[in-house]
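If you want the building blocks of each chain, they are given just below.
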Amino acid sequence: MNSLPQIANHGLSPGCACAYDRRTFFKQALTLGIGGVLGAVPIGAGLTVLSSPLRQKSGRGEAVFISTLDNLPADGTPRKFPVVAVWIDAWNRFEGPIGAVYLRRIDRSVHALNVVCPHTGCFVDYAADRDSYFCPCHHSSFGLDGAIRDPRSPAPRGLDELVVEIRGQNQVWVKFQNFRCGVPQKIVV
Amino acid sequence: MKSLLAWIDQRTGYRAVARAALYENVPGGARWRYVWGSTLTFTFFIQVVTGLFLWLAYSPSSQTAWESVYFIQYQMTGGWLLRGLHHYTAQAMNVLLVLHLVQITIDGAYKAPRELNFWFGQALLMLVLALSLTGYLLPWDQKGFWATKVATNIMGITPLIGPQLQKIVLGGAEYGHHTLTRFFALHAGVLPVTVVLLIVAHVYLFRRHGLTAKVPRRGPDCAFWPDQVLRDVVACLAVLAAVFFLILRPRLTGGELGVELGAPADPSEPYAAARPEWYFLFLYQFLKWFPGGTEVLGAIVIPGLVMALIAAMPLIGRWKLGHRFNLSFLGVLFAGIGTLTILAIAGDRHQPDYQVAVVSARRQAARSRLLADVMGIPPAGAVTLLRNDPLTEGPRLFARHCAACHRYDGADGLGQPCREKQCASDLKGFASRAWLAGLLDPATVASPKYFGATALREGEMVDYARTTVAAFTPGQRTQLQQVIATISAEAKLNSQRDLDTHDAALIEEGRQMLADKMLRCTECHQFRKPDQSAMAPDLTGYGSREWLISFISNPEHGRFYGKGNDHMPRFGEDKVLSAQAIALIADWLRGDCEPEMPQATLQAKK
């Protein structure tokens, strides 16, 4: 509102009969006020719609069937599996791959890691010769347990471990979730 | 702050520009009649802002356009408001354009030296109409699809270039992905950019020639700011209030807020309620009067001549009586447009077919929304939800394939009377207790609802009901009720689930009665035990999904009518209908139509 008196001073245009007074100030304030409403309505409606993703809940991470124990090498070598589940993409709902996990068998239990590198979100690869996970984007490396192996790795934390459930005799179910990249804490997206 | 503004002013000279803009002289002082240009600029501003935000969520392809608009409208916070603002402001723009044209004509603002600016204005009018037309298609619902199809077919009859023009605009011979990408690029790119350029030129020329003051002048001259600006913003606020009223109006009648979204476009499902947006209704009505072969006159030649005459107004205005001529011409033109619009609306109001089509369109729209809400939309698009929906597709298939003989509640399944003579039963409530009770009632068994219209009207079932049942003792009548409940339970109808559970013991007894050949049913029918001598339809699983599908597929099967089949086609066996279509009919007849429509919404829509 700093500019109001300024405009008002200029308001004394040659042909105008009205001098700057309270009445003119009121007119100007009213005009600017209504003008503000006129601009705010469409912009406000637009911003409300634009920001509606912020009001969506994050994924609950339901358990997904991945494979059976027989498909995992008994020696503990990790193996990559796609995670196929109901995928909701805005208006679409369909069954399809929603991510991938590395599963590693340790006796009768299974260790699961999300394949997403917690640095910038590339998929890591298992390098059999080095017995570690390696990110092709910025060269982070992780041990089989998911912990950072090379201290020079740019990743802020180790690979994200996922909760595994063995159902029945040998069904491997994983509670699949993605986590925020670039931060040391594990925060569900 | 002051020094910063001074710094910017030194480098841009914005103060001089602002001063020139704000202190434009208004000869004779500010007046309400000068607000129309500003309200148009304001509505265009709303359209640009809301349009850009809609663009952030809209996806132009035939499998995602309706879907993304559905998502904006029903899933994104405030989406209904954003879309409502865009939709109704577009309509407001058309009205304001007419008011602006009338005002500048009355005030003589089109005359020399303002001819060029008048033509820019006329070009803007046509561009806004083009924006309306292209925008109408973008939601890709039945209404927009079929209405726009008419418009592009009219384009196709343009002399010489019509067919080529049509193909280029549609991106092919038929409507599809490229129709949407083209309409969208026109609507959100080409047309608005042209409009902006023309508005700049229009306002520049307006400022150059100055405002055409209404004579006699009321008072001393005044600056544009703040007196005229205040009147302008108040007028804009009134426009915005009117738009809000239109968005919120459905609440008054218990409907949904915002703009309606029809069922997704389906090129295989004609839409009898197709009409252009109300401001094009006059053209629609006008076209009705041109017999085949002369449409080009009504759609292109005459509107073209009218546009040419409007363009000639500044030249005609030089003539002594020119101004009066122009005023009368516009008066006659708008009176004509108004009359045609009223005729179009009145015509539809008195046409029962159209009213039926509108009700059915609303039901389809509500159904599409419910299916999308509950089931999510498959990647193939929302139209597949409807095509696989028994409640939508069942009655259509019934009307097309069954209603030549059968009836559904006396009609063709879609609620329309049938032309053909009924020659088979009425299947509403098929296999329910009430339906079976009517079948076994001596008074109704030979009515058209059951066997009355068929070759079996003097058959054994009619005879049984009329002689045997008619002579039943009260005890036997109670047994008959029990047997009816038993046979009806075979259908496992959703609507009778509670009833069947409640009467489980009675039904079990009824089965025993049938097995013991009481009431003589199993003399002709087979029930739960193979019986080679059975010659009437199997009562095992009677009316169940499997039973109905098998029956429709092949009524001549030994399990049903065998050689005694009247003349029902073997729909599955002879590949008249696909297995999916037969299942949709069966599910619909049985009332298996998940998800169920809430009764309240249906009634409110009516």
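The rules we used
- Residues numbered from 1 in each chain as written.
- Chains lettered and ligands numbered in written order.
- Predicted model: local features only at pLDDT ≥ 70, side-chain atom pairs only at ≥ 80, totals over all residues.
- Helix = DSSP H or I, 4+ residues; strand = E, 2+ residues; numbered from the N terminus.
- Contact = placed C-beta atoms within 7 Å.
- Nonpolar A, V, L, I, M, F, W, Y, C, P; charged D, E, K, R; others polar.
- Pairing = 2+ DSSP bridges.
- Buried ≥ 20, exposed ≤ 12 C-beta atoms within 10 Å, placed from the backbone.
- Axes fitted to C-alpha atoms, helices over the stretch in contact; angles between N-to-C directions.
- Expected span 1.5 Å × (residues − 1).
- Arc of directions from axis to C-beta.

Asker: Help me get a handle on the environment of B:Leu160, residues and values and all.
Answerer: Structurally, the position occupied by B:Leu160 is in the loop between α7 (142-156) and α8 (162-170). In this structure, the C-alpha to C-alpha distance between B:Leu160 and B:Pro216, residues 56 residues apart in sequence, is 51 Å.

Asker: Talk me through the interface of chain B and chain A; I want residue IDs and the actual numbers.
Answerer: Listed per partner, the contact involves 41 residues of chain B and 31 residues of chain A. Of all the elements in the fold, those that place two or more residues in the side of chain B that touches chain A are α3 (36-55), α4 (65-74), α5 (79-106), β2 (222-223) and α10 (224-252) of chain B. For the side of chain B that touches chain A, the leading source of residues is α10(B), giving 9 residues. Within the side of chain B that touches chain A, the residues separate by chemical class into 30 nonpolar, 7 polar and 4 charged.

Asker: Give me the pairing of strand β3 (residues 92-106) of chain A: which residues, what numbers.
Answerer: Residues and elements named next belong to chain A. Alignment of strand β2 (residues 79-89) against β3, held across 11 bridges, turns out to be antiparallel. Counted as the bridge partner of Val83 is Gly99 from β3. Here β2 folds back onto β3, and the loop between the two strands holds 2 residues, one of which, Ala90, carries a positive phi near 50°. Direction of pairing for β3 relative to strand β4 (residues 109-114): antiparallel, over a ladder of 6 bridges. Counterpart to Arg105 in the pairing with β4 is Val110.

Asker: Give a description of helix α23 (residues 545-553) of chain B that names residues and reports values.
Answerer: The periodicity of an α-helix, 3.6 residues per turn, causes residues three or four places apart in sequence to face the same way. Every buried residue of α23(B) is listed here: B:Trp547, B:Leu548, B:Phe551, B:Ile552 and B:Ser553. Buried residues along α23(B) sit against α24 (579-590) of chain B.

Asker: I'd love a proper account of the sheet that holds strand β8 (residues 161-167) of chain A, names of residues and values included.
Answerer: All names here are of chain A. Taken together, the 6 strands give an open sheet; going across it, the order is β1-β9-β8-β4-β3-β2, and neighbouring strands pair in antiparallel fashion. Edge positions in the sheet fall to β1 (63-68) and β2, since each has one partner strand and no second. Across the sheet, the mean angle separating the axes of adjacent strands is 35° when strand polarity is ignored.

Asker: How would you summarise the sheet that holds strand β7 (residues 141-142) of chain A if you had to cite specific residues and measurements?
Answerer: Residue and element names in this part refer to chain A. The antiparallel open sheet is built from 3 strands, whose spatial order is β5-β6-β7. In this open sheet, the two edge strands, each paired with only one partner strand, are β5 (125-127) and β7. Judged from the 3 bridges that link them, β5 and strand β6 (residues 132-134) form a sheet pairing that is antiparallel. Among the inter-strand pairings, Ala127 is bridged to a residue of β6, identified as Ser132.

Asker: Help me get a handle on helix α22 (residues 504-515) of chain B, residues and values and all.
Answerer: All names here are of chain B. With 12 residues, α22 should reach 16 Å at 1.5 Å per residue; the first-to-last C-alpha distance of 17 Å fits that figure. Considered for burial, the residues of α22 that qualify are Ile507, Gly510 and Leu514. All buried residues of α22 fall inside an arc of 55° around its axis, so they share one side. Along α22, the residues that are exposed and aim more than 90 degrees away from the buried face are Ala505, Glu508, Gln512 and Ala515. Turning to α22, the residues buried within the fold contact α20 (474-490) and α21 (497-502). Of the residues trailing α22, Lys517 is marked for its positive phi of about 60°.

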